[in-house]
Amino acid sequence: MSGAPAPRPDDVARAQTGAPQWRTPFVGRAEELSTILQRAGGGGAVSVTGLGGSGKSRLAARAMSLLHTRGRVDTIVHVDLRGHDPELAPTSAHAVARAALEVVGVSVAEDHVAELRRLLETRPIGLLLDDAKDVAQVADLLPTTGRSVVLLTTRTRTDHPAVRHVPLGRMAADESRRLLEVVMRRERSADDTSAADRLVELGGGLPLALELLAARAAARPDWSLDDVAEQAARLRSSHHLEEPLRAAVASAYEAVQEPARELLRHLASQPCSSLDLDAVISMDPRRSRDIDGTVQALVTAHLVDLTPGPGGARVSVHDVVRAYVLGVAEHTDPPSRREAAIDRLCSHLVHRLWACSGEFMPFGLLTEETPEVLALRPPRLDLLSHEQAREWMAHNADTLIELVAACVERRPQVTVAATPVLAAWLHAHYRFADAVWLVDHAKRAALLWGNPRAVAEMAFARGTVLTWTANPRNSLEDLAEAEAAIQELADPQARQAVVASQSLCNRYAGELDTAVEQALEALALRPPGDPDRVNRWWTAISCLTLLGREEDARALEARIASEDVTADRSAEAFHRFYRAEDLLLQRRWLEAAQEAERGIAVLEDAGFDTIPGSAQAYGRVVLAAAWTHVGRGPDAERQLRESLLETRSAGDQQLELFVLTLHGEALLACDRPTEAVEVLQEGRRLALRLANPVGEADVLEVLARCQDLLGRASEARSCRAQAAELWSMMGSTRGVALGLTESCA
């Protein structure tokens, strides 16, 4: 002992046998508990790391109790290391060893550390070391061999050769709900479900936060859970955290150096739930590429989560940490510095987004831009490769959606600059509902900004997206607004994009002659080889077929240039599927099936991940429609059932209407007319809601055949009469060609 430093007067550890107990039962952390038991099964040391309040102590105590119950350890010794005690200094390894030996009845005069290590190597003891400042605090105690198990809890992860780590992230949502119920001592009623879910969201998977919320609810039995959740949300929005939650986060924040704190304040101030490392770097005014160490310091302190993934690691800030750090930032950073960091992030993300625009056709139409928007869009030379663009968009699209929504009022130019590319990507990847949500926000941003060009572009984007998701009259209103703005701005070149979108809207609205004229006008305005020309060719051809002008349709089909079909693989696939649908209208079933299969082969050859999801979904539907008529009714019915779920998830209501009609037809082919009637009646309701007379007439024609099979002659006649009237109203002879008029008579 002569060479050892004199012990501090307050360096006294308190140890007890047995694991500590809590008033409420242990809930959740099933996966982490299993991992601890597995890693501790062979003996040695395991550290449980996580932010203060993540439930480390309870989890470690539960794991040690199970090891004792199962006979893996014969004694549990629990020691509080005081790593984060606000009043007392952390205990030394010497004090811990002396206290642990005392409670197991071993008395030695000196070198308590060596004696405890010897005991741990020869006897199956469970040593539970709670709240270490870091692993270094007790590194001298850790055995490298032997039968004992040491469970260590700490807020800071420090690598050590003798320690296996189990990090604690957010508690799963179902476990969080159960924890709320246990602490509140009541089961949720049906009326409480949404409020309880809101409390779970506010807790963010942090057990201490959840327990504080539940305790507040239990202490106020006259308050509804809605009241508790609303109060908690208001307190959180003002950056208020209850003790001891605030102290736990503050301790971790104060333990890191100022560069890490500054970065954390920037991360907490921006609106996105996660960022890749390039985006994190963009917020640093020094644009330091040596940011890994700073991020790692925050990860080590569990102030941010670093999640690996195929597109690279992503950094996220827990909501509770964000609330605390925002409160600190209000008193630490000048507002201009925080705003500048967000501006740099916006510039980086929008620049990167536009660098991906070579992968698909943006919903843009203006030949001139304002300086504010041009500053956010990169030069053409910055375009990423197709593979780079696909990968980056796949991992950052949701981040961009969050950014765009947050910028509507304070940075409308960011929303306007991002929307044409982002909306096009969402559309191409069959996320129509998200695209509608985005363009609604974007149009509002343009109006708030008051920039006429921005208003025109966002009206165009909204009208284009709504084509597939709403009444086409709504789309035509937006497109008319865009067209009027273009005329006022004397920008005739932008008219081609508007006319192209108007043609498809009018096709769905039953204005077939107008749709043909507009599609042909758009074709004349677009150069040969433009990928969009395939869409315009087939809009015009299908409308001519629906009008009963077969000769004109076939003549126009013969004019399709090969360079338009082969503009890219997506255009080639769409060409095959459009032609297959047109063959279905002509009742050339086998040829339709063959053409659809050729389209699927294009998808397979190109690789499904390189073709827009909308093309894949449409192709599967058209192929299934052909199967119905070539003896593969059950296969068609099964595929169309799957496609119905897919279209509803995407928000593609026009394709959903088409699928409902085809599904009814497939059920009819499978001799299931009663089910077919139910499906078709649902389809008709959707057709009426969408004001799509083409879709309604198709539904009625199939519904008439179902009613015939069920022996309901009058209902069948009524369906045919209504279908014939719709075709006549659209100026089509199709009702006559299908024999609907004669059947009614």
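Before reading on, note that the structure itself is shown above.
Residues numbered from 1 in each chain as written. Predicted model: local features only at pLDDT ≥ 70, side-chain atom pairs only at ≥ 80, totals over all residues. Heavy atoms only, no water.

This next bit is on the side chain of Glu483. Positionally, Glu483 belongs in helix H20 (residues 472-488). Here Glu483 falls in the buried class, since its relative accessible area comes to 18%. Leaving out residues up to four positions away in the same chain, Glu483 has contacts with Arg495, Val498 and Gln502. (Helix = DSSP H or I, 4+ residues; strand = E, 2+ residues; numbered from the N terminus. Buried < 20%, exposed > 50% of the residue type's maximum accessible area, 1.4 Å probe, protein only. Contact = heavy atoms within 4.5 Å.)

Turning next to the packing of helix H27 (residues 589-606) against helix H28 (residues 613-628). Where H27 contacts H28, the two axes come as close as 8 Å, and the packing angle between them is 150°. Viewed along their axes, H27 and H28 adopt a mutual orientation that is roughly antiparallel. Helix-helix and strand crossings are classified by hand; for H27 and H28 the assignment is left-handed. Here Trp589, Ala592, Ala593, Ala596, Glu597, Ile600 and Leu603 of H27 lie close against H28, whose contacting residues are Gln616, Gly619, Arg620, Val622, Leu623, Ala626 and Trp627. When the residues that make up the contact of H27 with H28 are grouped by side-chain class, the tally is 10 nonpolar, 2 polar and 2 charged. (Axes fitted to C-alpha atoms, helices over the stretch in contact; angles between N-to-C directions. Parallel < 35°, antiparallel > 145°, perpendicular 65-115°, else oblique. Left-handed = near helix turned anticlockwise from the far one by under 90°. Nonpolar A, V, L, I, M, F, W, Y, C, P; charged D, E, K, R; others polar.)

A few words now on the pairing of strand E9 (residues 314-317). Both faces of E9 are covered, namely the face carrying Arg314 and Ser316 and the face carrying Val315 and Val317. Pairing of strand E7 (residues 275-276) with E9, which is carried by 2 bridges, proceeds in the antiparallel orientation. The residue bridging Leu275 from the neighbouring strand is Val315, located in E9. One ladder, built from 4 bridges, connects strand E8 (residues 304-307) with E9; its direction is antiparallel. Directly across from Thr307, in E9, lies its bridge partner Arg314. (Pairing = 2+ DSSP bridges.)

Turning our attention to the packing of aromatic side chains. Using the criterion set out here, one finds 7 aromatic pairs in the structure. For Arg220, the ring lying beneath its charged end belongs to Trp223, and the centroid distance is 5.0 Å. (Phe/Tyr/Trp six-rings, centres within 6.5 Å; stacked < 30°, edge-to-face > 60°. Lys NZ or Arg CZ within 6 Å of the ring centre and 35° of its normal.)

This part takes up the pattern of salt bridges. For the structure shown, the criterion picks out 58 salt bridges. Via salt bridges that share partners, Glu550, Arg554, Glu557, Arg576, Arg579, Asp582, Glu595 and Arg598 belong to a single interconnected network. (Salt bridge = Lys/Arg side-chain N within 4 Å of Asp/Glu carboxyl O.)

With 17 residues, helix H33 (residues 713-729) ought to run about 24 Å at 1.5 Å a step, and its terminal C-alpha atoms sit 24 Å apart, in line with that. Among the residues of H33, Ala716, Cys719, Arg720, Ala723, Ala724, Leu726 and Trp727 are the ones counted as buried. Take H33 and look down its axis: the buried residues cluster within an arc of 160°, on one side only. Exposed positions of H33 whose direction lies more than 90 degrees from the buried face are Glu725, Ser728 and Met729. (Expected span 1.5 Å × (residues − 1). Arc of directions from axis to C-beta.)

One open sheet accounts for 6 strands, arranged E1-E3-E4-E5-E2-E6; its pairing is mixed. Since the sheet does not close on itself, it has two edges, and those belong to strand E1 (15-17) and strand E6 (163-167), each with one partner. The mean inter-strand angle of the sheet, taken between neighbouring strand axes irrespective of direction, is 20°. Pairing geometry for E1 and strand E3 (residues 75-80), over 3 bridges, is antiparallel. From the neighbouring strand, Gln16 faces E3, where its bridge partner is His78. Where helix H1 (residues 30-40) meets the sheet, its contacts fall on strand E2 (44-49), strand E5 (149-154) and E6, and the angle it forms with E6 comes to roughly 175°. Strands in contact with helix H2 (residues 56-69) are E2, E3, strand E4 (125-132) and E5; relative to E5, the strand with the most contacts, it is inclined by about 170°.

For helix H23 (residues 533-547), spanning 15 residues, the distance from its first C-alpha to its last is 21 Å, which sits close to the expected 21 Å at 1.5 Å a residue. Just beyond H23, the residue with positive phi is Gly548, at close to 85°.

Within the secondary structure, Glu665 sits in helix H30 (residues 653-669). Judged by its relative accessible area of 13%, Glu665 falls in the buried class. Not counting chain neighbours up to four residues away, the residues in contact with Glu665 comprise Thr628, His629, Val702 and Arg705.

Let us look at the sheet that holds E8. Pairing is antiparallel across the open sheet formed by 3 strands, whose spatial order is E7-E9-E8. Looking at strand neighbours, the two that pair on one side only are E7 and E8, the edges of this open sheet. Together, E7, E8 and E9 form the strand contacts of helix H10 (residues 258-269), whose direction differs from that of E9 by roughly 80°.

What follows covers unusual backbone geometry. Following Glu243, the chain continues into Pro244 via a peptide bond in cis, with omega recorded as 5°. Here Pro244 shows up in the loop between helix H8 (225-237) and helix H9 (245-255). Even without glycine at this site, Arg587 takes up a positive phi of about 65°. In this structure, Arg587 sits in the loop between helix H26 (569-585) and H27.

A separate point is the nonpolar core. Membership of the largest hydrophobic core comes to 79 residues, with the highest contact counts inside it found for Leu512, Leu640 and Leu655. No other element matches H28, which puts 10 residues into this core. Residue contacts for Leu640: discarding those within four places in its chain leaves Val621, Ala624, Val659, Leu662, His663 and Ala666. By size, the runner-up hydrophobic cluster in this structure holds 75 residues, among which are Ala209, Ala268, Leu303 and Val325. (Core = buried A, V, L, I, M, F, W, Y, C linked by side-chain atoms within 4.5 Å.)

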